[in-house]
Amino acid sequence: MAHAIVTKLEPGETVVLIRRAHWIVPLKIILTALVLFAVPLGVYQLIVFAAPALLDHTVARPILLLLTVTYTLAVWLFSFTDFIDYFLDVWILTSGRVLNIEQHGLFRRTASELNLSSIQDVTAETKGILQTFFKFGDVFVQTAAEHERFHMKQIARPDEMKMKIMELSEKDRIHEQGVGTPAKA
Amino acid sequence: MTFPLWYVLIPFGVFLFFFLLVCLFNTYHLIRYADGGALPFLVLSVYLAGTVLLLGGGFLILEPLDWMQATTISPDSLPNFFELPPATLK
């Protein structure tokens with residue numbers, strides 16, 4: 001199914017690939033959240049060890065519990081906002097275009113597209129042990145315009161994406177040239 | 001200075017307002033921009049269930065506490081929580 005943002009495909013245009021960042025990205029968010037959720041337990045153990053009187057104090061106890069609740073809610077909120085940021089970032093490759101849909105925090109969302117025929121260069125970059133082992137990395141798509149460049153961050157199988165873009169771009173260019181050439185009499 | 005303990009709930013209320021506002025935006029983004037498959041529905045369900053669970057749990061923890069008690073803050077009123085108990089000689 002095409003992403004909700006792709007409201008209209010051109011006649012004859014088909015969706016070839018829909019990609020999000022690699023699953024290691026949400027895994028990092030979840031693991032960080034789990035570690036952060038465990039922090040109050042560590043602090044509790046520390047208080048039990050160093051200052052147990054705090055837990056029975058009439059004022060300190062409610063304040064500590066209030067801080068714990070606030071902290072837990074904040075971890076949940078920021079972790080999930082981060083996750084939604086990941087979840088709503090999508091790259092779509094169609095037979096005619098590359099679409100880059102990105103959510104930046106709460107109030108900024110960008111949806112940009114490149115015609116495959118205008119693509120000059122595609123670079124797939126995998127760096128580091130983690131990216132090499134789990135087969136993810138960045139893909140840079142460069143057009144003829146000096147500054148126009150798509151950056152697909154931490155995408156799964158970047159080489160496959162690069163090959164697909166190059167292949168479709170070449171097809172699109174040949175198709176456009178074929179259409180543009182006047183028919184011989 | 002003496003004040004009722006519920007005063008500390010005021011900043012918590014501000015935080016809660018911010019929390020609910022961001023929750024609302026996150027839910028809106030998920031409904032509006034994610035495609036209509038089962039995965040966004042699952043993500044939304046987990047998100048809302050977790051939010052309700054944490055808010056409910058927080059309420060259950062904080063509700064039984066006596067927030068009406070007066071609190072005094074002065075250098076003399078602060079107990080030394082880290083003071084070691086006196087050693088007893090046998």
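Our subject is the structure that appears above.
Below you will find a few notes about this structure. In this text, all values refer to a predicted model and were calculated from it rather than measured experimentally.

Turning to unusual backbone geometry, a few remarks are in order. Residues and elements named next belong to chain A. For Gln-154, which is not glycine, the phi dihedral falls at a positive 50°. In this fold, Gln-154 is placed in strand 7 (residues 149-156). Phi is positive for Arg-157, which is not a glycine, with a value near 45°. With respect to the secondary-structure elements, Arg-157 resides in the loop between strand 7 and helix 4 (158-180). The exposure class assigned to Arg-157 is partly exposed, which follows from its relative accessible area of 42%.

All right, on to empty space enclosed by the protein then. Applying the stated criterion across every chain, the model contains one cavity of 30 Å³ or more. When its volume is computed, the largest cavity comes out at roughly 30 Å³. In terms of lining, the largest cavity is formed by Thr-81, Ile-84, Asp-85, Gln-103, Gly-105 and Leu-106 of chain A together with Asn-26 and His-29 of chain B. Going through the elements one at a time, helix 2 (60-87) of chain A together with helix 1 (9-33) of chain B are the ones with two or more residues in the lining of the largest cavity. Element by element, the count of residues in the lining of the largest cavity is highest for helix 2 of chain A, at three residues. Residues belonging to the lining of the largest cavity are distributed by class as follows: two nonpolar, five polar and one charged.

All right, on to the nonpolar core then. By size, the foremost hydrophobic cluster in this structure holds 34 residues, and its most contacted members are Phe-80, Tyr-86 and Phe-87 of chain A together with Phe-19, Leu-30 and Leu-62 of chain B. At the level of secondary structure, the elements contributing two or more residues to this core comprise helix 1 (24-50) and helix 2 of chain A together with helix 1 and helix 2 (38-62) of chain B. Here this core takes 11 residues from helix 2 of chain A, the largest share from any one element. Apart from the residues within four sequence positions on either side, Phe-19 of chain B is in contact with Leu-73, Trp-76 and Leu-77 of chain A together with Thr-51 and Leu-55 of chain B. Residues Phe-150, Ile-155, Met-161 and Ile-165 of chain A belong to the second largest nonpolar core, which totals 16 residues.

Turning to the packing of aromatic side chains, a few remarks are in order. Inspection of every chain in the model, using the stated rule, returns 14 aromatic pairs over all chains. Arranged with centres 5.4 Å apart and planes meeting at 80°, the rings of Trp-23 of chain A and Phe-134 of chain A form a pair that is edge-to-face. Residue Trp-23 of chain A is located in the loop between strand 1 (15-19) and helix 1, and its partner Phe-134 of chain A is located in helix 3 (residues 128-134); the two are separated by 111 residues in the primary sequence. Here Trp-23 of chain A falls in the partly exposed class, since its relative accessible area comes to 48%. Between the aromatic rings of Phe-107 of chain A and Phe-25 of chain B, the centroid separation amounts to 4.7 Å while the plane-to-plane angle is 80°, which identifies the pairing as edge-to-face. Of this pair, Phe-107 of chain A sits in the loop between strand 3 (97-104) and strand 4 (108-115) while Phe-25 of chain B sits in helix 1, each in a different chain. The cationic tip of Arg-20 of chain A hangs over the ring face of Phe-87 of chain A; the distance from NZ or CZ to the ring centre is 4.2 Å. It is Arg-109 of chain A that lies over the ring of Tyr-33 of chain B; its NZ or CZ is 3.8 Å from the centre.

What counts and what doesn't
- Residues numbered from 1 in each chain as written.
- Chains lettered and ligands numbered in written order.
- Predicted model: local features only at pLDDT ≥ 70, side-chain atom pairs only at ≥ 80, totals over all residues.
- Heavy atoms only, no water.
- Helix = DSSP H or I, 4+ residues; strand = E, 2+ residues; numbered from the N terminus.
- Buried < 20%, exposed > 50% of the residue type's maximum accessible area, 1.4 Å probe, protein only.
- 1 Å grid on protein atoms, 1.4 Å probe; cavity = no way out; pocket = protein on both sides within 12 Å on 5 of 7 lines; lining within 4 Å.
- Points joined across faces, edges and corners; volume = space filled by probe spheres on them.
- Nonpolar A, V, L, I, M, F, W, Y, C, P; charged D, E, K, R; others polar.
- Core = buried A, V, L, I, M, F, W, Y, C linked by side-chain atoms within 4.5 Å.
- Contact = heavy atoms within 4.5 Å.
- Phe/Tyr/Trp six-rings, centres within 6.5 Å; stacked < 30°, edge-to-face > 60°.
- Lys NZ or Arg CZ within 6 Å of the ring centre and 35° of its normal.

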